[in-house]
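Tertiary structure, described
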Amino acid sequence: MSEKVVFKLNKKNIISILLILFLLIIAGALFIFYPSIFTSSLVRSELWIKICGTSICLFSIPLFIGYFVLLFDDNGLIVSKNGMINNTNLLNSGEVEWRDITSIRIKKIKKNTFFLIFVKDERKYFGNRNLLKKINAFGYRSMYGTSIVIETKNLLCSLEEVKSNLNKYVRFK
């Protein structure tokens, strides 16, 4: 077996996410600067429309910046004999060592498949991160039960390729 296996990022998928986020930012800006256009019998308050536009921009702009930075990275997942580096989403936790991983589970949601990586101590990987990464880690943890998630839709390989490479070091549950 070679020293490390590198799975490349799916740039097409990242560009489509960037396009969607860009459109959300434009919509949020329109809500902020032209709220009178969006008033109707259902929503009459221009202040409420401005608040919605502000919240859309506040959530979309950091995600846009994060995915834009991710666009310039080539390696999505690096599997080596020491551990793995997951760069498939905005929450790169650095190298996760095999001895820290307690289990790996597969979760399917519609057309997307996730590898959920459970570790002994998540604080080891997210204790020194910035506020945006901590919020993102909290979101993953509340949604999936763990903060380390490999998003296979962002990789240029099959699910079985990733599974077979991870299975050499950790057994799936």
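Reference entry: report on the structure contained in this document. (Residues numbered from 1 in each chain as written. Predicted model: local features only at pLDDT ≥ 70, side-chain atom pairs only at ≥ 80, totals over all residues. Heavy atoms only, no water.)

To continue, consider the overall build of the protein. The secondary structure content of the protein amounts to five helices and seven strands. For the protein, the spread of C-alpha atoms along the principal axes amounts to about 65 × 30 × 30 Å. Across the 173 residues that make up the protein, the buried fraction comes to 38%. At a minimum sequence separation of 6, the contacts of the protein that also span at least 24 residues come to 64%. Here the protein has roughly 10500 Å² of accessible surface; of this, 62% comes from carbon and sulfur atoms. Each charge sign in the protein was given a centre, from 25 positive and 12 negative side chains, and these centres are 5 Å apart. (Helix = DSSP H or I, 4+ residues; strand = E, 2+ residues; numbered from the N terminus. Buried < 20%, exposed > 50% of the residue type's maximum accessible area, 1.4 Å probe, protein only. Contact = heavy atoms within 4.5 Å. Areas by Shrake-Rupley, 256 points an atom, 1.4 Å probe, with all protein chains shown as cover. Lys, Arg positive; Asp, Glu negative; His and termini not counted. Charge placed at Lys NZ, Arg CZ, Asp CG, Glu CD.)

Spatially, 5-6-7 is the arrangement adopted by the three strands of the open sheet, whose pairing is antiparallel. Both edges of this open sheet fall to strand 5 (101-109) and strand 7 (148-151), since each of them pairs with a single strand only. Sheet twist, expressed as the mean angle between neighbouring strand axes with direction ignored, is 20°. In this structure, strand 6 (residues 112-119) lies alongside strand 7, joined through four bridges in antiparallel fashion. (Pairing = 2+ DSSP bridges. Axes fitted to C-alpha atoms, helices over the stretch in contact; angles between N-to-C directions.)

All right, on to the sheet that holds strand 3 (residues 83-86) then. The antiparallel open sheet is built from four strands, whose spatial order is 1-2-3-4. Looking at which strands have only one partner, the edges of the open sheet turn out to be strand 1 (4-8) and strand 4 (95-97). Across the sheet, the mean angle separating the axes of adjacent strands is 20° when strand polarity is ignored. Pairing of strand 2 (residues 75-80) with strand 3 involves three bridges; the strand directions are antiparallel. The residue bridging V79 from the neighbouring strand is M84, located in strand 3. The sheet strands contacting helix 5 (residues 159-167) are strand 1, strand 2 and strand 3, and the helix crosses strand 1 at an angle near 155°.

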